[in-house]
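This is what each chain is made of:
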Amino acid sequence: MKTNDLKANIRHLLKERNAIFLAHNYQPPEIQDLADLCGDSLELSIQAARTEADVILFCGVHFMAETAAILSPEKTVLLPRPDAGCPMAEMIDPVSLRARIDELPPMPVVTYVNSSAAVKALSTICCTSANAVAVVESLDAEAVLMTPDRNLARYTAARTKKKVHVWEGCCPIHDRLSPEDVRRAREAHPGAVFMAHPECRPEVLALADVITSTSGMLRTAAESDSSRFIVGTEVGLLYPLKKANPAKEFFAASERMLCEDMKKISLQDVLKSLEQLHGRVTVPEDIRRPAFAAVQRMIDLAL
Ligand code: 13P
Ligand code: SF4
């Protein structure tokens, strides 16, 4: 089928099924162009909680669609490629989290949304890269356990007086950016603003001009007087950055920052998913209820 026919069929089915099409900022260009809303994990969670659509078509990775299913159990949530996972989310499981909780004195567990529903269900509250520091600050406790991203936990620890216990997981894509890569990019693009995602290593964040989520980078680029940026996150973000700021220049901090899971979904997959309700994501109620409490507590903070 030709691309234009594919797009027309997708639009038609979206209407027919009363579906909303959400896409993460790292998704391929043709997916972002067709979506009703592109955003970072926090914006997409909020939209998934608010929407009045019957179907949420989620283009991202599994934990994102699962978060939508946690928030809106009465809706049909579709992930067109059920095999699009997140390697960081797989670095923690409920059994090892339970063991760590039992080892530590009682304290809140703050879990990054990049995690399974079963891990969220054991957590006090969730956070995203856009609100991690504020979530930890909101808690009435001297110490917290942050899972599963050690880099986000260390970034947070440096910005709060609370003791942060760290889970040793990471995003392999962000963790592979080295200070040497940043120095090379700065040499190649003198004067450019270096924006880094908090999933990057502390030694990389130490070199950053701005540390923020993917949508934070989009806002920074739009509002800044600077016209050249080195982008320290997954390379998919270059597309919306360039699209929204055609007069500005954006350079990848490293071309190696490519998340294969974020590139799995094609327009054909979207069409199949809408036609056959393929890739439906559900969460068993005994896990969904406690997971919902952790995600909703974060959303209620309205940070
Ligand atoms: P944000 O878009 O929330 O910054 O998340 C980045 C990420 O790695 C999602 O997989
Ligand atoms: Fe997971 Fe990293 Fe890919 Fe985001 S970029 S989905 S955190 S592996």
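Here the structure is a predicted model, which is why all the values come from computation and not from measurement. (Residues numbered from 1 in each chain as written. Chains lettered and ligands numbered in written order. Predicted model: local features only at pLDDT ≥ 70, side-chain atom pairs only at ≥ 80, totals over all residues. Heavy atoms only, no water.)

The next point concerns the site of ligand 1. Surveying the vicinity of ligand 1 reveals the residues H24, Y26, D40, S41, M64, N114, S129, H197, E199, S213, T214 and M262. H24 places a side-chain nitrogen or oxygen 2.7 Å from an oxygen atom of ligand 1. Side-chain polar atom of S129 to an oxygen atom of ligand 1: 2.8 Å apart, as the coordinates give it. Protein burial of ligand 1: of its 300 Å² of free accessible surface, 96% is covered by the chains. (Near = heavy atom within 4 Å. Polar contact = N/O pair within 3.5 Å; in protein donor to acceptor, adjacent residues only side chain to side chain. Areas by Shrake-Rupley, 256 points an atom, 1.4 Å probe, with all protein chains shown as cover.)

Let us now look at the pairing of strand 11 (residues 228-232). Along strand 11, four of the five residues are buried, which leaves the element largely enclosed by surrounding structure. Bridging between strand 9 (residues 193-196) and strand 11 involves four bridges; their strand directions are parallel. Across the sheet, the residue bridging to V193 is F229, located in strand 11. Relative to strand 12 (residues 249-252), strand 11 runs parallel, the two being bridged by four bridges. Considered in strand 12, the bridge of R228 is made with E249. At this point the chain moves from strand 11, through helix 13 (residues 238-244), to the parallel strand 12, and the crossover so formed is right-handed. (Buried < 20%, exposed > 50% of the residue type's maximum accessible area, 1.4 Å probe, protein only. Helix = DSSP H or I, 4+ residues; strand = E, 2+ residues; numbered from the N terminus. Pairing = 2+ DSSP bridges. Right-handed = clockwise from strand over helix to strand, strands pointing away.)

Time to look at helix 4 (residues 62-71). With nine of its 10 residues buried, helix 4 lies for the most part within the structure. The set of residues buried in helix 4 consists of F63, M64, A65, E66, T67, A68, A69, I70 and L71.

Take the site of ligand 2 next. Neighbouring residues of ligand 2: Y26, V61, C86, P87, M88, N114, C171, I173, E199 and C259. Tallied by class, the residues present in the shell around ligand 2 amount to eight nonpolar, one polar and one charged. (Nonpolar A, V, L, I, M, F, W, Y, C, P; charged D, E, K, R; others polar.)

Attention shifts here to the pattern of salt bridges. When their charged atoms lie close together, side chains carrying opposite charge are able to pair. Taken as a whole and judged by the stated rule, the model has 21 salt bridges. A salt bridge links E103 to R100; its shortest N-O distance comes to 4.0 Å. Residue E103 and its partner R100 are located together in helix 5 (residues 94-103), separated by three residues, close to a single helical turn. By relative accessible area, E103 is classed as exposed at 63%. Across the pair E285 and R289 runs a salt bridge, and its minimum N-O distance is 3.6 Å. With E285 and R289 both in helix 15 (residues 285-300), this residue pair falls four residues apart, about one helical turn. Members of the salt-bridge network, linked through shared partners, are R150, R154, E168, D175, R201 and E203. (Salt bridge = Lys/Arg side-chain N within 4 Å of Asp/Glu carboxyl O.)

Turning our eyes to something else, we now look at the packing of helix 1 (residues 3-16) against helix 14 (residues 267-276). Contact geometry of helix 1 with helix 14 gives a least axis separation of 10 Å together with a crossing angle of 30 degrees. In terms of axis orientation, helix 1 runs roughly parallel to helix 14. Once helix 1 is placed against helix 14, the crossing between them reads as left-handed. Two secondary-structure elements touch here, helix 1 through T3, L6, K7, N9, I10, L13 and L14 and helix 14 through L267, Q268, V270, L271, L274 and E275. (Axes fitted to C-alpha atoms, helices over the stretch in contact; angles between N-to-C directions. Parallel < 35°, antiparallel > 145°, perpendicular 65-115°, else oblique. Left-handed = near helix turned anticlockwise from the far one by under 90°. Contact = heavy atoms within 4.5 Å.)

The topology assignment puts K248 in the loop between helix 13 and strand 12. Within the structure, K248 has its side chain in polar contact with the backbone oxygen of S224 (distance 2.7 Å). Setting aside residues up to four positions removed in sequence, K248 forms contacts with A221, A222, S224, S226, S227 and F229.

Here the focus is the nonpolar core. Counting 99 residues, the largest nonpolar core has F21, V110, M146, F194, V270, L274 and M298 as its most contacted members. Looking at this core, the element that brings in the most residues is helix 4, giving seven residues. Once residues within four sequence positions are removed from consideration, F21 is found in contact with L14, I31, L34, A35, D36, L37, L57, C59 and V270. Counting residues in each nonpolar core, the second largest holds nine residues, with I92, L104, V109 and A143 among its members. (Core = buried A, V, L, I, M, F, W, Y, C linked by side-chain atoms within 4.5 Å.)

Attention now goes to unusual backbone geometry. With an omega of -15 degrees, the peptide bond between T147 and P148 qualifies as cis. With respect to the element layout, P148 can be found in the loop between strand 7 (143-147) and helix 8 (150-157). You will see that N18, though not glycine, has its phi angle at about 50 degrees, which is positive. Looking at where N18 falls in the secondary structure, it is placed in the loop between helix 1 and strand 1 (19-24). Since its relative accessible area comes to 37%, N18 is described here as partly exposed. Despite not being glycine, L277 shows a phi value in the positive range, around 50 degrees. Inspection of the secondary structure assignment puts L277 in the loop between helix 14 and helix 15. Taking relative accessible area as the criterion, L277 reaches 32% and is therefore assigned partly exposed.

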